[in-house]
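# Coordinate inspection notes
Letter by letter, the chains look like this.
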Amino acid sequence: MVFFAASLLLIFIGLYAALVKRNLIKIIIGLSIMDTGVNMLIISLGFVKGRTAPIISLKDLFKKGSLLVDVSKVVDPLPQALVLTAIVIGVAVTAMALSVVIRMYSVKKSIEIDDFKELKW
Amino acid sequence: MVNPVVIIAVTLIAAFSIGIFQFLGKKFVRGVFWLTILFDFTAILSIAYGFLTKVIKAPIMVKIGGFPPPIGINLYVDQLSAYLGVVVFFIGAMAAYHWINRGIDDPEPKALVLMLLLLLGSTGMIFTQDFFNLFVFIEITSIASYGLVASKLDGFSLEAAFKYIVVGSISSTFVLLGAVLLYKFAGSLNMLDISNHINKSMYSGGMLIIISIMFLFGLLIELEVFPMNGWALDIYQGANPAVVAILAGGIVKGFYLVFVRSANYLKFPYLLKIGIIFGLATYLVSQFFAWKQKDIRRLFGYSSVGQLGLLILAGAFYINGNLTGFAKKYMLFAIIFFVLNHSFSKSTLFFLADLFGKRNIEEWKGAISQNKFFGFLFSSSVLSMAGAPPFLGFWAKLFFILAIPRQYFYIVVLVLIGAAAEILYYFNLYRIASENDGEVLDYKGSIIPSLFNVLVLLGLAVLGAYKFFTITGMEIQNAKFLAFITVSAIAVLIIGISRIAQWILALGMLISFSYHLIRNQNFVSVFNIQSFFVILVLVGAVIFLFATYPLSKKYSASFYPLFIFTVFSMVGISVASNWISLFIFWELMSWSSYLLINQGSKKPAWIYLVMSAIGGYSMLAGIKLLSTGSNLIPVFKASAIAAPVWAAILIFTAFLVKMGTAPLHIWARDAYGESPDGFTPLLSGVLSKMGVFGAILTIVYLIPHISHSNIILYGLAWFGALTALFMALLAVFQEDVKKILAYSSISQVGYILIGIALATSLGYSAALYHTVNHLIFKGLLFVAAAGIIYRTGTSYLPEMGGLIRRMPFTFLAFLMGIITLAGIPPLSGFAGKWLLYSALLEKRWMFILLIAMFASIVAFMYCYKLLHAIFLGQLRDKYRDTKEVPLPIVIIELILAGLTMAVGMKPSLILRFSDKAIKTLGFSNPGYAYEGAHRIVSKFGYWNAYFMAVFAIGSFIIALVLFFLVKAKIRKVGQLDIGYAGEVPDSPESVHFGYDLYAHMRRAVRVFIYPHVENSYRRIYQGLMAFVDYTRRFYTGDLNTYALWVIITLSFIFYILYKGVF
Amino acid sequence: MRKIVAIFFLTIVGLYMLSLFAQIPFGKPYKGVSEHYVERGIVENRGSNLVTSIVVNYRGFDTLGEVTVLFLAATGLSFLLFSCKCLREFKRIRSSLVLRTATDTLFPLILLFGAYIFIHGHLTPGGGFQGGSVIASGVMLLFLAYRSFHVNHKALSTIESLAGITFAGIGLVGLIYAKSFLANSVISLGQWNKLFSAGLIPFIYIAVGFKVGAELSGLISDMISTTKED
């Protein structure tokens, strides 16, 4: 539960940055924190007490005498796979956001939101 | 039939390979790009076609990697997915073409890669059946669009892109969390598998509901709903229009399909609630906020967002609304049509706006009139968007309204209010763009994408009409007739080079149609109220069309086609078999007449359109209340009606608008007064009578179901009487020929309304007689006025005078018309007045009788004013050489004048038809009787028309003889040879007192002619505008605020759907 | 003021979500597809790393999407920053001797390590993405150390594209020969725990490793070149 709460806290800190901060880079950092929180949350969803990582390099993780793995010995591998993808996607979005901000800086010489409020009502 | 995964694979390989090919040059990359698009489009078209022709019988499932779901990921392509895929790729191709031709941003190869992958992402999104895979494809779509939105690299685009990135990240966070939590809940990520694990009872606990809310909320953000759609509006305003076209026309529809499907898979029980709240809110807010919008792209953005809201509403009902049978089918078609209509119209509008270049709508002055082809494309898109028949938007709205269940009537009302609001601002833009002077376009770029889109739209219009008539099961004659009308109009349009040719063709069509009608056995055998009006319409149309001949040289090529549309839609109204076909042709008539009036003055046309739209939608709401039966189409003879009073009031509104009854009359003076002179006779003589027809239908079919109908009818008669009186008073003080005649028309129709409201046979006789008679004499007056305006170049009374010398025939005909209008025997007007007063006496409605009589006196005042100001008095110098009005008009004038005399002598010419019609309304006798050939008897007395005519003519002849006898003894004096008070006049102007003839009376009646109603409307409008201007500042442009609203919306959703926590 | 409102609504949403997570037991055993992935992971894939078998084989389509996402980001970024001297006014300072020396020593090791990671993706923790990132970090080290360091964009683009085409191409090969896209039965699965095992997985992951390495390096280069003076 602690893990869940901590991850949620990270997510909301990231969201808070997007809602409150005026500096564009800080907002991007906030989004990045949010991504991290989400990934942590997903990983903790997959954890099972007392089991080991899903790397089968030892013989005693198998069921007796076959190539079938003993499920009760291994943590859930699926969330880990999902997080792998999610991390990469997060990186991609951050990269795009940063390039947009670099361009914005070159246009307005500022990275504060107040200078970018021309599209409105 | 292509394996859908190949589409994805090939596109990916192509996109990757552009990375290498970019070093080989732009042209090479473009080639690869177009080849890929072509391949993808053909592939997906073949799949869609396969579904359409039932070659593919079941949805396609593709197992990726060979693993069965839920172990592996799979694609699931069904009908709707395939169709949407076609739309996405088509719009994508058009937008890419537009962008490349307009000058694509450098480096071009990379932009094309982004474009390809955008299309790929949305296709994958639509096809996949795995929640996490969905997330991945959503991200592909989003990231590609982030780059494309920013592509213009100016402040606006970058700002829009950044806002999009932030809000999009929040959205994808919730989608990701939702997907993973669904896995935790159900054990897999496959949509079907999870769906099988869920049943609705699980929603009473706490886990599933929060998970579903989170997942669906993430998708909802992408659907641009209020209040978290600031980012979307900024994209519409700031980004490259080609990109906007793809996003609005294709990509967001993909999100929509995914949203609705996911809610279905998750068996989300609150979809209806969410759909109603957010769909309605988004639609209404956008359509009103757009009123004050001056930037054309943001205006289109508001419209798009609103349409999406409507789609969400429709989707929610379809999945979650317990629709059955026909309603469910209708809703599905409504959704499909909305998607198709919006995608093709809106993208065209964005292309055209980009080509025109000007962003402020004030700068669009004359865009349509100066650039014909551009104007045609623009008009088609706007009309389709706004829901004018026969375009697709109309059928979509009709299906939608019919499909909504009865207990949600308030939604019907709100949607129709939003639709009227939409018409208001779209056609304000149209008004500016159709002004007669403006700039000629000089654009860089290709008009081909817009052309293709409009061609698709036109094809879709046909599809829409066809599907509507077949799915609802209405008689196929309606569809055939509609097709006939459209084809005729197009035929007339095609020979638009020569007005004469158009005139001949149109006239020929009308005459041959009438001929075939008369020969048709079914039509002749039963002569009822419908036949009465059909003949009225056709006869009036032929007469007035004939009279347009000399005026037509100044008209645009679309005048005659629109004339044909209007006339035939009026025929359609008259022969309508049920309320819905009545509505369809009613709307067709309103829109085509609007376009005709718009060829005159723009602002009055806009007011006319808005009032007609309000009337029309009000009628639709009333029809909705009547709707029963399995196919939800209400027929005229209904056995029981649930809320007849409201239905009657709502439906009546449409008819009262067209009849110009106070207080719905404000459009009439200027619409009549400033419409093309060739059209006004039709407008006054025939079109207003369609309101009469509708009123008769309502009273005959609906009023019997209402318990205290006497009070309602009495009230209606009062409306008629007050209209008759006050409009006549207003006419007295006008200074423009057509405006006097305009007020006079409404005043006369007020009489007709009284006659109908009496609902007795005598009343109907009076009404029907006056309907025909009014066509004759008002048509005569308007045609004569058209001729006079044509010759003198002005319609302003103080500038005319003394024309009796130059236009004797016109004077004669005009005099006949005036006498008829005033109701003086021996001409035909008297019979109408006689019948009406008898009917009022019969029912003892004395006050109304008094008002009607008083109104007749007032009518005489403006009649005389017309005669005096135009024909009598001094002839101005500039008119010394004016010729008589053109020959065709003289012919028509004299024919009509002759008719007034003939009917005056023998009223049975008209009455015999109205008798037959009245019998079919359920009365045994027409309320009066004939004694002999010429004597008409009612219980109050009799009159002999023939005798009176002889008497009058005899007196006239005696007076004439006396005049000639005395003439020799008269000394002739020149008109200027007078002196009074020591002054000798030297110019005609100073002696002719046609100006402000009744000035001395003005003070007496000032209270009554003060524009109370007009001012009220104006104040309401201005008040609404001010309110909109204030509230639209909700969109502050501040990213933090927009993101905050996302969170606020989520809290709101949690709060109303899940009460468990607090 | 804005802060208070934001915190208020964030708290509301947070509490709702917390109530959800309070109902999810932490550390309890899982049911569903993962049972299949774990139990039959070795039988069907012969690769020790179960996560890799999921990522590349069972859910290979997601990985294809992921690869596309990264490609998109790199393309989008280079599109947006094309010939933009946006951050002209920021000069890069000369790196210290320590950094340069360390880089000279570490760079080849980093490359080797990264290559090791993506080659052994099916045997040890890691894989194409991780390995590629490591390689890119090495490249970034070079950028930090030497202001005159340039990458050959043509070469990077070519590697990137070829690798992507390889991945999608392998998928199509599977479609042609084994009737389903990204089928892993085209070549033999080999033996568990050996380098040459798990069918096509190592090949895919090697391609991915190259791709990610090239892409992230290009990404870094594009960003840094907005500051450079030429």
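See the structure shown above.
About the criteria used
Residues numbered from 1 in each chain as written. Chains lettered and ligands numbered in written order. Predicted model: local features only at pLDDT ≥ 70, side-chain atom pairs only at ≥ 80, totals over all residues. Heavy atoms only, no water. Helix = DSSP H or I, 4+ residues; strand = E, 2+ residues; numbered from the N terminus. Polar contact = N/O pair within 3.5 Å; in protein donor to acceptor, adjacent residues only side chain to side chain. Contact = heavy atoms within 4.5 Å. Phe/Tyr/Trp six-rings, centres within 6.5 Å; stacked < 30°, edge-to-face > 60°. Buried < 20%, exposed > 50% of the residue type's maximum accessible area, 1.4 Å probe, protein only. Buried area = accessible area lost by both parts, 1.4 Å probe. Salt bridge = Lys/Arg side-chain N within 4 Å of Asp/Glu carboxyl O. 1 Å grid on protein atoms, 1.4 Å probe; cavity = no way out; pocket = protein on both sides within 12 Å on 5 of 7 lines; lining within 4 Å. Points joined across faces, edges and corners; volume = space filled by probe spheres on them. Nonpolar A, V, L, I, M, F, W, Y, C, P; charged D, E, K, R; others polar. Disulfide = S-S within 2.5 Å. Expected span 1.5 Å × (residues − 1). Pairing = 2+ DSSP bridges. Axes fitted to C-alpha atoms, helices over the stretch in contact; angles between N-to-C directions. Parallel < 35°, antiparallel > 145°, perpendicular 65-115°, else oblique. Core = buried A, V, L, I, M, F, W, Y, C linked by side-chain atoms within 4.5 Å.

Residue and element names in this part refer to chain B. In this structure, Ser 157 sits in helix 6 (residues 155–186). In this structure the side chain of Ser 157 is engaged in a polar contact, spanning 3.5 Å, whose partner is the backbone oxygen of Gly 238. Among residues more than four places away in sequence, those in contact with Ser 157 are Val 149, Ala 150, Lys 152 and Gly 238.

In this section: the packing of aromatic side chains. Residues and elements named next belong to chain B. According to the stated counting rule, one finds 91 aromatic pairs over all chains in the structure shown. Judged by centre distance (5.8 Å) and plane angle (45°), the ring pair of Phe 337 and Phe 399 falls under tilted. Taken together, the residues Phe 337 in helix 13 (residues 325–356) and Phe 399 in helix 16 (residues 392–403) connect sequence positions 62 residues apart. No difference in accessibility class separates Phe 337 from Phe 399, as the two residues are buried.

A common measure of how large an interface is: the accessible area buried when the components associate. Counting residues at the interface gives 59 residues for chain C, matched by 71 residues for chain B. Summing both partners gives a buried area of about 5,500 Å² for chain C against chain B, and 79% of it is carried by carbon and sulfur. Counting the surface chain C buries against chain B, the share from its top three residues, Tyr 16, Phe 61 and Phe 79 of chain C, is 16%. Our count for the contact surface shared by chain C and chain B stands at two salt bridges. The interface formed by chain C and chain B holds eight residue pairs in polar contact (both at pLDDT 80 or more) in total. Counting only elements with at least two residues in the side of chain C that touches chain B, the list comes to helix 1 (2–22), helix 2 (33–45), helix 3 (50–58), helix 4 (60–80) and helix 7 (153–178) of chain C. Per-element accounting of the side of chain C that touches chain B gives the leading share, 16 residues, to helix 4 of chain C.

What follows is about empty space enclosed by the protein. This model, assessed by the stated rule, comprises 17 cavities of 30 Å³ or more. Taken together, 18 residues line the largest cavity, and the ones lying closest to its centre are Asp 35 and Gly 90 of chain A together with Ser 169, Ser 172 and Thr 173 of chain B. Where the lining of the largest cavity is concerned, the elements lending two or more residues are helix 2 (24–46) and helix 3 (77–108) of chain A together with helix 5 (131–149) and helix 6 of chain B. The residue makeup of the lining of the largest cavity, split by class, is ten nonpolar, six polar and two charged.

Opposite the 54 residues of chain A that make contact, chain C presents 60 residues. Of the roughly 5,000 Å² buried between chain A and chain C on both sides combined, carbon and sulfur atoms contribute 78%. One can count zero salt bridges joining chain A with chain C. Where chain A packs against chain C, one counts ten residue pairs in polar contact (both at pLDDT 80 or more). Looking at the side of chain A that touches chain C, the elements that each hand over two or more residues are helix 1 (2–20), helix 2 and helix 3 of chain A. Looking at the side of chain A that touches chain C, the element that brings in the most residues is helix 3 of chain A, giving 19 residues. Class assignment of the residues belonging to the side of chain A that touches chain C gives a composition of 39 nonpolar, six polar and nine charged.

Moving on, we come to the state of the cysteines. Residues and elements named next belong to chain C. In the structure shown here, the tally under the stated rule is one disulfide over all chains. There is a disulfide in this structure between Cys 84 and Cys 86, and the S-S distance comes to 1.3 Å. Handedness here is read from the sign of the S-S torsion; for Cys 84 and Cys 86, about 125°, the answer is right-handed.

All names here are of chain C. In a regular helix each residue adds 1.5 Å, so 26 residues correspond to 38 Å; helix 7 covers 37 Å between its end C-alpha atoms and thus fits that length. A distance of 3.1 Å separates the backbone nitrogen of Lys 154 from a side-chain oxygen at the start of helix 7, and that oxygen is part of Asn 152. Backbone geometry just after helix 7 places Lys 179 at a positive phi near 70°.

Quick look at the side chain of Ser 304 of chain B now. All names here are of chain B. Mapped onto the fold, Ser 304 is located in helix 12 (residues 296–320). With a relative accessible area of 0%, Ser 304 lands in the buried category. Beyond its immediate chain neighbours, meaning those up to four positions away, Ser 304 contacts Tyr 236, Ala 248, His 342 and Lys 346.

With that settled, the discussion passes to the pairing of strand 5 (residues 941–944) of chain B. Consecutive residues of a regular strand have side chains that alternate between opposite faces of the sheet. All names here are of chain B. Of the strand pairs in this sheet, strand 4 (residues 935–938) and strand 5 are connected by four bridges, and their pairing is antiparallel. Across the sheet, the residue bridging to Arg 935 is Asn 944, located in strand 5. The turn joining strand 4 and strand 5, which pair antiparallel and follow one another in sequence, is formed by two residues.

Moving on: the packing of helix 22 (residues 529–547) of chain B against helix 28 (residues 680–701) of chain B. All names here are of chain B. Orientation of helix 22 relative to helix 28, taken along the N-to-C sense of each, is 170°, at an axis distance of 9 Å. In terms of orientation, helix 22 and helix 28 fall into the roughly antiparallel class. Every residue of helix 28 that contacts helix 22 at Ile 529, Gln 530, Phe 533, Leu 536, Val 537, Gly 540, Ala 541 and Phe 544 is listed here: Pro 681, Leu 682, Val 686, Lys 689, Met 690, Val 692, Phe 693 and Ile 696. Class assignment for the residues of the contact of helix 22 with helix 28 results in 13 nonpolar, two polar and one charged.

Turning our attention to the nonpolar core. Of all hydrophobic cores here, the largest spans 545 residues; its most connected members are Phe 378, Phe 400 and Phe 427 of chain B. Not counting chain neighbours up to four residues away, the residues in contact with Phe 378 of chain B comprise Phe 300, Leu 349, Leu 352, Trp 364, Ile 368, Leu 429, Tyr 430 and Ala 433 of chain B. Counting twelve residues, the second-largest nonpolar core is a separate cluster that includes Phe 62 and Val 69 of chain A together with Tyr 30 and Trp 192 of chain C.

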